[in-house]
Amino acid sequence: MTCPADDDDCPVVPAASEKPPVPDHVQEAIRTLIRWAGDDPAREGLLDTPARVARAWREYCAGYAEDPAIHLARQFEEVGGYNEIVVLKDIPFQSHCEHHMAPITGKAAIAYLPRDKVVGISKLARVLHGYARRLQIQERLTAEVAQCIWDNLRPHGVAVVIEAQHGCMTGRGVRTPGVGMVTSRLYGTFLSDPRSRKEVLSLMGY
Ligand SMILES: [Zn+2]
């Protein structure tokens, strides 16, 4: 399906040279963490690290500054008689786990069965990123994305499947690289009708 007027209403992005200032107490916290990890925050290679880490975390967690539902505000009723499932697959994302602040990297598939309205297809990915750019657990991320689409688009059905690797598992603890976790959340007809569920999951590649 081609996408209806999938415009990118791009906000004004500050030039890369305009680095936001990082308060001293935030930098000091990161120096404390470097000492705790066993290194010397005063050595040359680490001098600018606290400010860099602080800015990076603002980016990783940029989702706190937005309400992801805003991406679904612009809806289109002219769907040319299209009344089948809409699927966006293999959407790469990065998040951070709230237990270790370690990276969660993976891909999501998002599907819905429109009732009378659709959104630009990239908006589904924006909803995902709005929730992923926070401290998360994969189960909640999956549920929040599905709930947001369910509440705002009021479709007949929503399905979200997320497959991800957790840095806290691959890089520490049990150290099991390559192990992925799969979570899903279904609403409406995808939940209540087994045939509809089978169809959507197969379209999503599951
Ligand atoms: Zn973790």
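Residues numbered from 1 in each chain as written. Predicted model: local features only at pLDDT ≥ 70, side-chain atom pairs only at ≥ 80, totals over all residues.

- By the naming in an unreviewed UniProt entry, the protein chain goes by GTP cyclohydrolase 1 and is assigned to Novosphingobium ovatum.
- According to its UniProt record, the protein chain has this under Sequence similarities (unreviewed entry): "Belongs to the GTP cyclohydrolase I family."
- Regarding the protein chain, the relevant UniProt record gives this comment under Pathway (unreviewed entry): "Cofactor biosynthesis; 7,8-dihydroneopterin triphosphate biosynthesis; 7,8-dihydroneopterin triphosphate from GTP: step 1/1." (UniProt positions renumbered as here; feature names shortened; annotations may be inferred.)

**Observations concerning the overall build of the protein chain**
Link 1 in the chain: The secondary structure content of the protein chain amounts to seven helices and five strands.
Link 2 in the chain: Listing every helix and strand of the protein chain by position from the N terminus yields α-α-β-β-α-β-α-β-α-β-α-α.
Link 3 in the chain: Sorting the 206 residues of the protein chain into buried and exposed places 26% on the buried side.
Link 4 in the chain: Long-range pairs, those at least 24 residues apart, make up 72% of the contacts in the protein chain with a sequence separation of at least 6. (Helix = DSSP H or I, 4+ residues; strand = E, 2+ residues; numbered from the N terminus. Buried ≥ 20, exposed ≤ 12 C-beta atoms within 10 Å, placed from the backbone. Contact = placed C-beta atoms within 7 Å.)

**Let's talk about the sheet that holds strand β3 (residues 135-136)**
Link 1 in the chain: Taken together, five strands build an open sheet; the order of strands is β3-β1-β2-β4-β5 and the sheet is mixed. The open sheet has two free edges, formed respectively by β3 and β5 (181-188), since each of these has just one partner strand.
Link 2 in the chain: Where strand β4 (residues 157-166) lies against β5, eight bridges are found, and the strand directions are antiparallel. In the sheet register, A159 faces β5, and the bridge partner there is L186.
Link 3 in the chain: Its contacts with the sheet place helix α3 (residues 122-132) against β1 (86-97), β2 (103-113) and β3, and it is angled at close to 15° to β1. (Pairing = 2+ DSSP bridges. Axes fitted to C-alpha atoms, helices over the stretch in contact; angles between N-to-C directions.)

**Overview of the environment of L33**
Link 1 in the chain: Note that L33 resides in helix α1 (residues 24-37).
Link 2 in the chain: With 17 residues separating them along the chain, L33 and P50 place their C-alpha atoms 9.5 Å apart.

**Brief notes about the pairing of β1**
Looking along a regular strand, one sees the side chains alternate between the two faces of the sheet.
Link 1 in the chain: Two elements, β1 and β2, share nine bridges in a ladder whose sense is antiparallel. Bridging across to β2, I91 finds its partner in A108.
Link 2 in the chain: The loop that links β1 with its antiparallel partner β2 comprises five residues; one of these, M101, has a positive phi angle of about 55°.
Link 3 in the chain: In terms of strand pairing, β1 meets β3 through two bridges, oriented parallel. Among the inter-strand pairings, C97 is bridged to a residue of β3, identified as Q136.

**Focus: the packing of α3 against helix α4 (residues 138-153)**
Link 1 in the chain: Where α3 contacts α4, the axes come no closer than 9 Å and their chain directions differ by 135°. With respect to each other, α3 and α4 are oriented oblique. Crossing handedness for the pair α3 and α4: right-handed. Side by side, α3 and α4 meet where V127, L128, Y131 and A132 of the first sit next to L141, E144, V145, C148 and I149 of the second. (Parallel < 35°, antiparallel > 145°, perpendicular 65-115°, else oblique. Left-handed = near helix turned anticlockwise from the far one by under 90°.)

**Considering the nonpolar core**
Link 1 in the chain: Residues A111, V145, A159 and V160 are the most contacted members of the largest nonpolar core, which totals 33 residues.
Link 2 in the chain: Secondary-structure elements contributing two or more residues to this core are β2, α3, α4, β4 and β5.
Link 3 in the chain: With seven residues, the top contributor of residues to this core is β2.
Link 4 in the chain: What V160 contacts, discounting residues up to four positions off in sequence, is A108, I110, T142, V145, A146, S184 and R185. (Core = buried A, V, L, I, M, F, W, Y, C linked by C-beta atoms within 7 Å.)

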